Amino acid sequence: MGLAEQNRELTSAPQQARSTGLALASLSLATLLSSLGTSIASVGLPSLMQAFDASFQSVQWVVLAYLLAITTLIVGAGRLADMFGRRPLLLGGIALFTLASVLCGLAPTLWLLIAARAMQGLGAALMMALTLAFVAETVSKERTGSAMGLLGAMSAIGTTLGPSLGGFLIAGLGWRAIFLVNVPLGLLTFALAWRALPARSGTMEVARGTFDVTGTALLALTLGAYALALTLGRGNFGMPNLGLLVAAGIGVIVFAIAQAKAKVPLVQLARFRDPRLSAGLAMSLIVATVMMATLVVAPFYLSRGLVLDAAMVGMALSTGPLVSTLSALLAGRLTDRLGAHAMMVAGLACLATGTFLLSFALTKFGIASYVVPITVTCFGYALFQTSNNAAVMGGVSANERGVVSGLLNLSRNLGLITGASLMGAIFAIASSDARQGIGQQLLNSAAAARGMQITFRTATALALVALLLALISLRFAGRTRPGIA
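Residues numbered from 1 in each chain as written. Predicted model: local features only at pLDDT ≥ 70, side-chain atom pairs only at ≥ 80, totals over all residues. Heavy atoms only, no water.

(A) Expanded view of the overall build of the protein. Each helix and strand counted, the protein has 20 helices and zero strands in total. Classification of the 485 residues of the protein by burial places 53% in the buried group. Sequence-distant contacts in the protein: of pairs separated by 6 or more residues, those separated by 24 or more amount to 82%. Roughly 20,800 Å² of accessible area belongs to the protein as shown, and the carbon and sulfur atoms make up 67% of that amount. (Helix = DSSP H or I, 4+ residues; strand = E, 2+ residues; numbered from the N terminus. Buried < 20%, exposed > 50% of the residue type's maximum accessible area, 1.4 Å probe, protein only. Contact = heavy atoms within 4.5 Å. Areas by Shrake-Rupley, 256 points an atom, 1.4 Å probe, with all protein chains shown as cover.)

(B) Main features of unusual backbone geometry. Despite not being glycine, Asp 53 has its phi angle at roughly 50°, a positive value. With respect to the helices and strands, Asp 53 occurs in the loop between α2 (45–52) and α3 (56–59).

(C) Structural view of helix α12 (residues 275–296). With 22 residues, α12 extends 32 Å from end C-alpha to end C-alpha; this agrees with the ideal 32 Å at 1.5 Å per step. When you tally the buried positions in α12, you get 17 out of 22 residues, the bulk of the element. (Expected span 1.5 Å × (residues − 1).)

(D) Structural view of the side chain of Thr 319. For Thr 319, the position within the fold is in helix α15 (residues 319–338). Accessibility expressed as a relative area gives 17% for Thr 319, which makes it buried. Within the structure, Thr 319 has its side chain in polar contact with the backbone oxygen of Ala 316 (distance 3.0 Å). With residues up to four places along the chain from it excluded, the contact list for Thr 319 reads Val 371, Ile 374 and Thr 375. (Polar contact = N/O pair within 3.5 Å; in protein donor to acceptor, adjacent residues only side chain to side chain.)

(E) Representation of helix α13 (residues 298–305) in the model. Burial within α13 is extensive, with eight of its eight residues counted as buried. All of the buried residues in α13 are Ala 298, Pro 299, Phe 300, Tyr 301, Leu 302, Ser 303, Arg 304 and Gly 305. After α13 finishes, the residue Val 307 shows a positive phi value of roughly 55°.

(F) Representation of the environment of Val 213 within the structure. Position of Val 213 among the secondary structure elements: in helix α10 (residues 213–231). Using a relative accessible area of 54% as the deciding quantity, one classes Val 213 as exposed. Counting along the chain gives 52 residues from Val 213 to Pro 265, while the straight-line C-alpha distance between them is 9.6 Å.

(G) A look at the packing of aromatic side chains. Per the counting criterion, the structure on display carries four aromatic pairs. Their ring planes at 25° and their centres at 6.1 Å tell us that Phe 190 and Trp 194 sit as a pair that is stacked. Here Trp 194 and Phe 190 lie together in helix α9 (residues 182–196), a separation of four residues that amounts to about one turn. A network of ring pairs unites the aromatic residues Phe 52, Trp 175 and Phe 179 as a single cluster. Lying over the aromatic face of Trp 194, Arg 87 brings its terminal NZ or CZ to 5.1 Å of the ring centre. (Phe/Tyr/Trp six-rings, centres within 6.5 Å; stacked < 30°, edge-to-face > 60°. Lys NZ or Arg CZ within 6 Å of the ring centre and 35° of its normal.)

(H) Structural context of the environment of Trp 111. Among the structural elements, Trp 111 can be located in helix α6 (residues 110–138). Along the primary structure Trp 111 and Val 62 are separated by 49 residues, whereas in three dimensions their C-alpha atoms are 8.8 Å apart.

(I) Representation of the state of the cysteines in the model. Going through the model one piece at a time under the given rule, you end up with zero disulfides. Free cysteine Cys 378: the closest other cysteine sulfur is in Cys 350, separated by 9.8 Å. (Disulfide = S-S within 2.5 Å.)

(J) Layout of the nonpolar core. In this structure, Val 62, Leu 113, Leu 348 and Tyr 370 are the most contacted members of the largest nonpolar core, which totals 120 residues. When residues in this core are grouped by element, the largest group, 14 residues, is from helix α4 (residues 61–84). With residues up to four places along the chain from it excluded, the contact list for Leu 348 reads Met 283, Val 287, Phe 384, Ala 466, Leu 467 and Ala 470. (Core = buried A, V, L, I, M, F, W, Y, C linked by side-chain atoms within 4.5 Å.)

(K) Summary view of the packing of α12 against helix α16 (residues 340–358). In the contact formed by α12 and α16, the axes pass within 12 Å of each other and the chain directions differ by 25°. Classified by the interaxial angle, the pair formed by α12 and α16 is roughly parallel. In this structure, α12 meets α16 at a crossing whose hand is left-handed. Contacts from Met 283, Val 287, Val 290 and Met 291 of α12 reach α16 at Met 344, Leu 348, Leu 351 and Thr 355. A class-by-class count of the residues in the contact of α12 with α16 yields seven nonpolar, one polar and no charged. (Axes fitted to C-alpha atoms, helices over the stretch in contact; angles between N-to-C directions. Parallel < 35°, antiparallel > 145°, perpendicular 65-115°, else oblique. Left-handed = near helix turned anticlockwise from the far one by under 90°. Nonpolar A, V, L, I, M, F, W, Y, C, P; charged D, E, K, R; others polar.)

(L) Summary view of the environment of Ile 374. Of note, Ile 374 is situated in helix α17 (residues 368–393). A relative accessible area of 0% places Ile 374 in the buried class.

(M) Geometry of the side chain of Thr 31. Locating Thr 31 in the fold gives a position in helix α1 (residues 3–42). A polar contact of 3.0 Å, which involves the side chain of Thr 31, links it to the backbone oxygen of Leu 27.

Next comes the structure, spelled out in structure tokens:
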């Protein structure tokens, strides 16, 4: 190599590093926004019940609509990126999220707020799917792991920051502020992404017919029917709920048939023949279901059962995500040293222990009755999440990792929807009084504690089911590659 070429490389290296840094900053902010959109809304549910004089089942759709939109689109976002290019689609996702945040903050009615949250979820789905895809284009192969870790940390920070930030914003400025705070962050993210992200994304011409419109529509209808079945009726399960569950079951069958016939399906059904993959996805769904109870149900226990103000509720809710964030590096080291499957079992045992302690909901111990058990729960969650991802992703070839990563995202989001719906319904039924409406009885401290206890007994049972699956999967661990078992 000549001296002139060496000088050009030395000169361009700092510029390339600066450009990569800006690109990672924009991707990190996009990840922060999407995770903040989930966690910050949960702390506002009690305030929304009062502001709109609505039932618990109605206001929980503020969380559900967001999760449902993400789950519906995230599996198709990669195909859309192939058709239109990653850069314009990610910029469009950021812009849509920011605009929807404005609409959420200005919504005059609950149902307009829910509609705006669904729009916000569509933007978040594009950001969640494409930030990971952009890492390969903006970061060298040697730094890919570090970049993925950074995005994971930003996601955890967004989840941690949401409850405490939301609590302070509600206490000082009202519930609308928890949505409007996304606007300046969204504008900053858009500006950075516009400047730093490479224009040379995958813009390969793909026929529009290769996007599985039928599969996407069937998935949306199936998930919508499923979520409605668990939320309609204000805690009373009747024929409409049963009918919707049947419709969701039929939708699963029709979706599977459509995927088998599609040339480019949203979900590769053949992947589920691997028992280790199937167990990993099932455990991911169950654990996400369990963890969603801490976001949907815990605010009511803290605000009604312990009679904490909004700021204190937010601080208490931030404990769990903070523990998960701080535990992630330790969980990774333990997984590397002791093996993914062993740590998966240990994490699920810890998770079950934490939810069992939460099921006591002893209000006489004050805030410690939540903080101590949630610390145990979230340490177990961090250990499980790290080891399960390592076990699942380590068991596939390089050209299959994108597909399997999408399946992991799908199983997690399905679990979040199930948790928001199922745990919310159990809490509403358990804390209800036949003589009162749910909105009134939630003001009763004893009723909120009773609902918390029964909800987390259910969560403990689910955690034990996941633990059983992990123990069964150990039988297949010996057939995996060294370092994974």
